[in-house]
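Results of the structural survey
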Amino acid sequence: MDEMATTQISKDELDELKEAFAKVDLNSNGFICDYELHELFKEANMPLPGYKVREIIQKLMLDGDRNKDGKISFDEFVYIFQEVKSSDIAKTFRKAINRKEGICALGGTSELSSEGTQHSYSEEEKYAFVNWINKALENDPDCRHVIPMNPNTDDLFKAVGDGIVLCKMINLSVPDTIDERAINKKKLTPFIIQENLNLALNSASAIGCHVVNIGAEDLRAGKPHLVLGLLWQIIKIGLFADIELSRNEALAALLRDGETLEELMKLSPEELLLRWANFHLENSGWQKINNFSADIKLIDFSNSVKDSKAYFHLLNQIAPKGQKEGEPRIDINMSGFNVSIAALLNSTILQNYCQFLINTIIFTILTGETREERTFRNWMNSLGVNPHVNHLYADLQDALVILQLYERIKVPVDWNKVNKPPYPKLGANMKKLENCNYAVELGKHPAKFSLVGIGGQDLNDGNQTLTLALVWQLMRRYTLNVLEDLGDGQKANDDIIVNWVNRTLSEAGKSTSIQSFKDKTISSSLAVVDLIDAIQPGCINYDLVKSGNLTEDDKHNNAKYAVSMARRIGARVYALPEDLVEVKPKMVMTVFACLMGRGMKRV
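Time to look at the overall build of the chain. Looking only at helices and strands, the chain features 26 helices and four strands. Split into buried and exposed, the 603 residues of the chain put 54% on the buried side. Nonlocal contacts in the chain, meaning residues at least 24 apart in sequence, comprise 61% of its contacts between residues at least 6 apart. When the accessible area of the chain is evaluated, it comes to approximately 28,100 Å², of which 50% is carbon and sulfur surface.

Okay, helix α19 (residues 428-444) next. Given a rise of 1.5 Å per residue, 17 residues ought to cover 24 Å, and the 25 Å separating the end C-alpha atoms of α19 matches this to within 8%. Within the span of α19, buried status applies to Ala 428, Leu 433, Asn 435, Cys 436, Tyr 438, Ala 439, Val 440, Leu 442 and Gly 443. Check the buried side of α19 and you find it contacts α18 (400-408) and α20 (456-461).

Attention now goes to the nonpolar core. If you look at the biggest cluster of nonpolar residues, it comprises 127 residues, and the most contacted ones within it are Leu 156, Met 380, Tyr 406, Ile 497, Phe 592 and Leu 595. Not counting chain neighbours up to four residues away, the residues in contact with Phe 592 comprise Ile 497, Val 501, Ile 514, Phe 517, Ile 522, Val 528 and Leu 531. Counting 18 residues, the second-largest nonpolar core is a separate cluster that includes Phe 21, Met 46, Ile 56 and Phe 74.

In this structure the tally under the stated criterion is seven aromatic pairs. Ring plane angle 10° and centroid distance 6.3 Å describe the contact between Phe 129 and Trp 232, whose orientation is recorded as stacked. Taken as a pair, Phe 129 in helix α6 (residues 123-136) and Trp 232 in helix α11 (residues 224-240) lie far apart in primary sequence, 103 residues in all. A network of ring pairs unites the aromatic residues Phe 21, Phe 74 and Phe 77 as a single cluster.

A few words on the pattern of salt bridges. As enumerated under the stated definition, the model contains 19 salt bridges in all. Where Glu 180 meets Lys 168, a salt bridge forms, and the shortest distance between an N and an O atom there is 2.9 Å. Here the residue Glu 180 occupies a position in the loop between α8 (164-173) and α9 (190-206), and Lys 168 occupies one in helix α8, the gap between them amounting to twelve residues. For Glu 180, a relative accessible area of 33% translates into the label partly exposed. Among the salt bridges present, the one from Lys 584 reaches Glu 582, with a minimum N-O distance of 3.8 Å. Residue classification places Lys 584 among the partly exposed positions, given a relative accessible area of 37%. Given a relative accessible area of 39%, Glu 582 falls into the partly exposed group. Three or more residues joined by partner-sharing salt bridges are found here, namely Asp 140, Asp 142, Lys 168, Glu 180 and Lys 185.

We now examine the side chain of Lys 420. Following the sequence through the fold, Lys 420 ends up in the loop between α18 and α19. A distance of 2.6 Å separates a polar atom in the side chain of Lys 420 from the backbone oxygen of Trp 415. In terms of polar contacts, Lys 420 uses its side chain to reach the backbone carbonyl oxygen of Val 418, at 3.2 Å.

A few words on helix α24 (residues 552-568). Helix length check: α24 (17 residues) gives 24 Å between terminal C-alpha atoms against 24 Å at 1.5 Å per residue, within 8%. In terms of burial, α24 is a largely internal element, 13 of the 17 residues being buried. Phi for Gly 570, located one or two positions after α24, is positive at around 110°.

Attention now goes to unusual backbone geometry. The peptide bond linking Ile 147 to Pro 148 adopts the cis configuration, its omega dihedral lying at 5°. If you trace the backbone, Pro 148 turns up in the loop between α6 and α7 (155-159). Cis geometry is found at the peptide bond from Asn 386 to Pro 387, where omega equals 10°. A positive phi angle, close to 70°, is found at Asp 176, a residue other than glycine. Here Asp 176 is to be found in the loop between α8 and α9. Phi is positive for Lys 410, close to 70°, though the residue is something other than glycine. Within the fold, Lys 410 resides in the loop between α18 and α19. Under the relative-accessibility criterion, Lys 410 is labelled exposed at 54%.

Right, let's get into the confidence of the model for the chain. On average, residues of the chain carry a pLDDT of 79, and 71% of them reach 70 or more. Long-range and interchain partners of residues 88-101, a stretch whose pLDDT sits below 50, account for 29 contacts in this model, where long-range means more than four residues apart. Residue range residues 293-307 is modelled with pLDDT below 50. Its contacts to residues more than four positions away, or to other chains, number 30 contacts.

As a further point, take the packing of α9 against α24. Running from amino to carboxyl end, α9 crosses α24 at an angle of 115°, the nearest separation of the two axes being 7 Å. On the basis of the axis angle, α9 is roughly perpendicular to α24. Helix-helix and strand crossings are classified by hand; for α9 and α24 the assignment is right-handed. Listed contacts from α24 to Glu 195, Asn 198, Leu 199, Asn 202, Ser 203 and Ala 206 of α9 are Ser 564, Arg 567 and Arg 568. Of the residues contributing to the contact of α9 with α24, the split by class is two nonpolar, four polar and three charged.

Following both chains from N to C, one finds helix α22 (residues 494-507) and helix α26 (residues 585-601) inclined at 60°, their axes separated by 10 Å at the closest point. Regarding the angle of α22 to α26, the classification is oblique. Classified by chirality, the crossing of α26 by α22 is left-handed. Between α22 and α26, the contacting residues are Asp 494, Ile 496, Ile 497, Trp 500 and Val 501 on the first element and Met 589, Phe 592, Ala 593, Leu 595, Met 596, Gly 599 and Met 600 on the second. Residues that form the contact of α22 with α26 fall into these classes: ten nonpolar, one polar and one charged.

Conventions we followed
Here the residue numbers are simple positions, counted from 1 along each chain's written sequence. In keeping with the model being predicted, local features are shown solely for residues with a pLDDT of at least 70 and side-chain atom pairs are shown and tallied solely at 80 or more, while totals for entire chains, interfaces and linings include all residues. Each side-chain value is derived from all of the structure's non-hydrogen atoms; neither hydrogens nor water enter the calculation. Helix numbering and strand numbering both begin at the N terminus, where a helix is a DSSP run of H or I of at least 4 residues and a strand a DSSP run of E of at least 2. Remark: exposure states derive from per-residue accessible area (1.4 Å probe, protein chains only) relative to the maximum for the residue type, with buried under 20%, exposed over 50%, and partly exposed in between. Note on definitions: a residue-residue contact is assigned when non-hydrogen atoms from the two residues lie within 4.5 Å. To measure how exposed things are, a 1.4 Å probe is used in the Shrake-Rupley method; for residues, cover is taken only from the protein chains shown. Each helix should span, by expectation, one fewer than its residue count multiplied by 1.5 Å. The nonpolar core is taken to be a set of buried Ala, Val, Leu, Ile, Met, Phe, Trp, Tyr and Cys residues, with the residues joined through side-chain atoms within 4.5 Å. Stacked, tilted and edge-to-face are the three classes applied to pairs of Phe, Tyr and Trp rings, where Trp contributes its six-membered ring and a pair requires centres within 6.5 Å; stacked means planes under 30 degrees apart, edge-to-face means over 60, and tilted covers the rest. Any carboxyl oxygen of Asp or Glu within 4 Å of a side-chain nitrogen of Lys or Arg constitutes a salt bridge here. Two N or O atoms count as a polar contact when they lie within 3.5 Å, although within protein this holds only if one can serve as hydrogen donor and the other as acceptor, and sequence-adjacent residues are included solely when both atoms are side-chain atoms. Across the chain, each position has a pLDDT score giving the predictor's confidence in that residue, from 0 to 100. Where helices are involved, their axes are fitted lines through C-alpha atoms of the stretch in contact, as for all axes, and angles between N-to-C directions lie from 0 to 180°. These descriptions rest on fixed angle ranges, namely under 35 degrees for roughly parallel, over 145 for roughly antiparallel, 65 to 115 for roughly perpendicular, and the rest for oblique. By definition, turning the near helix anticlockwise from the far helix through less than a right angle yields a left-handed crossing, and turning it clockwise yields a right-handed one. Amino acid classes used here: Ala, Val, Leu, Ile, Met, Phe, Trp, Tyr, Cys and Pro are nonpolar; Asp, Glu, Lys and Arg are charged; the rest, including Gly, are polar.

Written as structure tokens, this is what we have:
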């Protein structure tokens, strides 16, 4: 990198950088890959736009990688951080951190944090979340003990402490994720509260929230940056949940001559958003923008009114018409041109508006996603893979997510063999194909997956059947590894799980049992319910469980209760009630394996 006077870093800041680096360096080998740099800057409380990170990576490859090894060590990252910190973009961000832009700082709040670490949160973000939750839950009788919250106080951080509000919000975002009967609403002892928070965290994970390093104790203590981070994930998932292609016919207008929806979907999120924004700006008569930095000031929160006019024109174009016949259109007040909007743009919600639009476009295309596909996608995202998986096939076509999943199942990945973005314009697909070939190679050895007939080209092409076959084996191995860790290294398999289930049920005096994960009696969920009660005696309210000659509704209600109760006692179940009712062997296996893991922890 160019020689320049770099900013000095304090000991406290250095400790914070070490913590951030450790979170991203998942295999603890002292290095990160260049494509992980974007995530590392976020962990270091210095989020940068994608284009800026790409510029840094390109420069790093030229002359900044002192070891010329294609990896970034902690020392190299500190050097990069110092240089970026000295730039205008970092100065603006640090100005905000110093409370000049409505950002509050607080001491270390995670068990993984070093002593004295400073985390930050936006007062505007807190204010927005409080108002949103107050409105959403204003008529919920179970939340009257905390709603309405005062947005000018720390009410929000106290309100989530018993888990009820979090459970309710998860159900608002993805209805029926949590069975209301499983939420403890009375006699909130510390143990009961712990169960509610377990239920909230495991359910949040099941809908795709990244909850690694967030524990029930963090939420009970109301640790601001963790609370706000989880809330934003839950809210964001809800915002995207009901978007369908049929509701947005204007999407076709983004297609260029001869382009298909599938081709449109393969554009990067930034390119998709740019095309969407320019479509509306053209219709407004305003000039196109070339990027989301200098042209629109998404990151550099300046007082320049000129660069923010595009926002006004964009908002004016997408402002909804009156809901009822005869109602006037909602127009944006263009007089705002004459005032500074720096404070407005600095709202965390506004910052995330960019990501919201990106995902709106991507999720709009996701019609016909199966339940199995959604479960796999949520599982990946809950593990914190980068990039976030919006489309199960398109987002796996360069195999970077798959390779990260290999590391999660303890299969070593040689990242020197992996091509990382940004890919060259010429030969980009070849680079991605090389990654896919490497992913299949790892699957055959050392992972020893059954990949007969599956090649790298299949992943690169987005072949649905063959991609799912590999993803399922990754998820299965991940689940079984948990049992292996708990069982002194003993290899787990289907027979071992089935035998453990039946032995545990018998020892608890239960009359249920299972023959295999294809056993049709599992459709009643009675064996699952009994197993939960065997693991944590007395937790099941059998008055809520139907038995005998069951209707389909009875089976579904039993399954909803079983899945929620499994999560409440601490089992991170990703399967859905429908998987039990329909006896889907793959998902049934994960349910019993997760319960076995929970049961082994009590021994």
